[in-house]
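In case you want the letters, here they are:
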Amino acid sequence: QGLLGRVWAGRSPEWLDAPAVGANSMRAPFASAAGLRAGFAVPLGGDGEVFAVLEFCSCMKREPDLALLELLSTAGSQLSAQVLERRAETALALADRKTLEAQASLRSMLDNIPDFVIVVDITGAIRFINRLLPQYSMEQVVGSHWLSYIPTDQHIAVSALLAQVLATGEPGTCELTTPAPDGSQRWFSSHIGPVRYGTDDIAGAVMIARDITELKHAAAQLIASDRMASVGLLAAGVAHEINNPLA
């Protein structure tokens, strides 16, 4: 309403005489009581947005001063630029803080999950790994080819699976073995899925490997126990037949 409303809506400076300063405005009685006889206002904004209006009122009758209005418009533009720059800096700082918080949360999650998380590019080079086996260092692993840590007799199968994931974008699973420092074999259940960086193009793959060695050992022990139980039952049956030939 009034001068402020006109400038805000029109997004351009205006110079009005006293009657129009308070016209159609809730401030009209106050403008009249204060004896206001002239007024002008300059919008502050940018990018199609007005975020403030500078208003100047005078009790003296003054004709429009175009030079003064142009000077204040220029000052308003400079002030608007500073405000917008400060807004951009604040928004960037907030975005950076959120990014750092997200990275810290992701890092904490990756550090504490028991699985191995490995990211490789389309050539098979390792770009990220969240944890290492004791015999390897981060400098040794990052940048090397992922097949370097898998026995050669499994290369064909796992290479075919990775190629399928990269070609189709569909995830796949497999079981892998790798030697432990003590010479024993470690079993891993691995899930491989595509990695996309902001586009539909596949840039690599992420592999999540879970150590299932203990499960394999437990399953083997269970099978051995079942076999021993079966042999025991068979032996008991044979002994019964020997002791009771007429039964």
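These remarks concern the structure in this document. What you see as residue numbers is a count from 1 along each chain, following the sequence as written. Local features in this predicted model are restricted to residues whose pLDDT is 70 or higher, and side-chain atom pairs enter the listing and the counts only when it is 80 or higher, whereas totals over whole chains, interfaces and linings include all residues. No hydrogens and no water enter the side-chain calculation; it runs on all heavy atoms of the structure.

Side note on the pattern of salt bridges
We define a salt bridge as a side-chain nitrogen of Lys or Arg found within 4 Å of a carboxyl oxygen belonging to Asp or Glu. Considering all chains together, one arrives at six salt bridges under this definition. Of the charged contacts in the structure, one is a salt bridge between Glu89 and Arg86, with a shortest N-O distance of 3.8 Å. With a gap of three residues between them, Glu89 and Arg86 both fall in helix 4 (residues 66–112), about one helical turn apart. Each residue gets one of three labels from its accessible area relative to the maximum for its type: buried under 20%, exposed over 50%, partly exposed in between, using a 1.4 Å probe on protein chains only. Since its relative accessible area comes to 42%, Glu89 is described here as partly exposed. Arg86 gets classed as exposed once you look at its relative accessible area, which sits at 56%. For Arg210, the salt bridge identified is with Asp115, shortest N-O distance 2.8 Å. Of this pair, Arg210 sits in strand 8 (residues 202–211) while Asp115 sits in the loop between helix 4 and strand 4 (116–121); the two residues are 95 residues apart in sequence, bridging distant segments of the chain. Think of it this way: any DSSP run of H or I at least four residues long counts as a helix, any run of E at least two long counts as a strand, and we number them from the N terminus.

What to know about the packing of aromatic side chains
Classification of ring pairs rests on two measures: the distance between centres of Phe, Tyr or Trp rings, Trp counted by its six-membered ring, which must be within 6.5 Å, and the angle between planes, read as stacked under 30 degrees, edge-to-face over 60 and tilted in between. Under the counting rule described, the total for this entry stands at two aromatic pairs. Measuring from ring centre to ring centre gives 5.7 Å for Phe116 and Phe188, while their planes differ by 85 degrees; the resulting arrangement is edge-to-face. Note that Phe116 is positioned in strand 4 and Phe188 in strand 7 (residues 185–196), a separation of 72 residues in sequence. Overall, Phe116 belongs to the buried group, its relative accessible area being 12%. Aromatic pair Tyr136 and Tyr149: ring centres 4.9 Å apart, planes at 80 degrees, arrangement edge-to-face. Residue Tyr136 is found in the loop between strand 5 (126–129) and helix 5 (138–141), and its partner Tyr149 is found in the loop between helix 5 and helix 6 (155–168); the two are separated by 13 residues along the sequence. Using a relative accessible area of 22% as the deciding quantity, one classes Tyr136 as partly exposed.

With respect to the sheet that holds strand 6 (residues 172–179)
With antiparallel pairing, the five strands of this open sheet are ordered in space as 5-4-8-7-6. Bordering the open sheet on either side are strand 5 and strand 6, each of which pairs with just one other strand. Neighbour-to-neighbour, the strand axes of this sheet turn through a mean angle of 30 degrees, independent of strand direction. If DSSP finds at least two bridges between two strands, the strands pair. Direction of pairing for strand 4 relative to strand 8: antiparallel, over a ladder of six bridges. Bridge pairing links Val117 to Ile208 in strand 8. For helices, the fitted line uses only the C-alpha atoms of the stretch in contact; every axis is such a line through C-alpha atoms, and the angle between N-to-C directions lies from 0 to 180 degrees.

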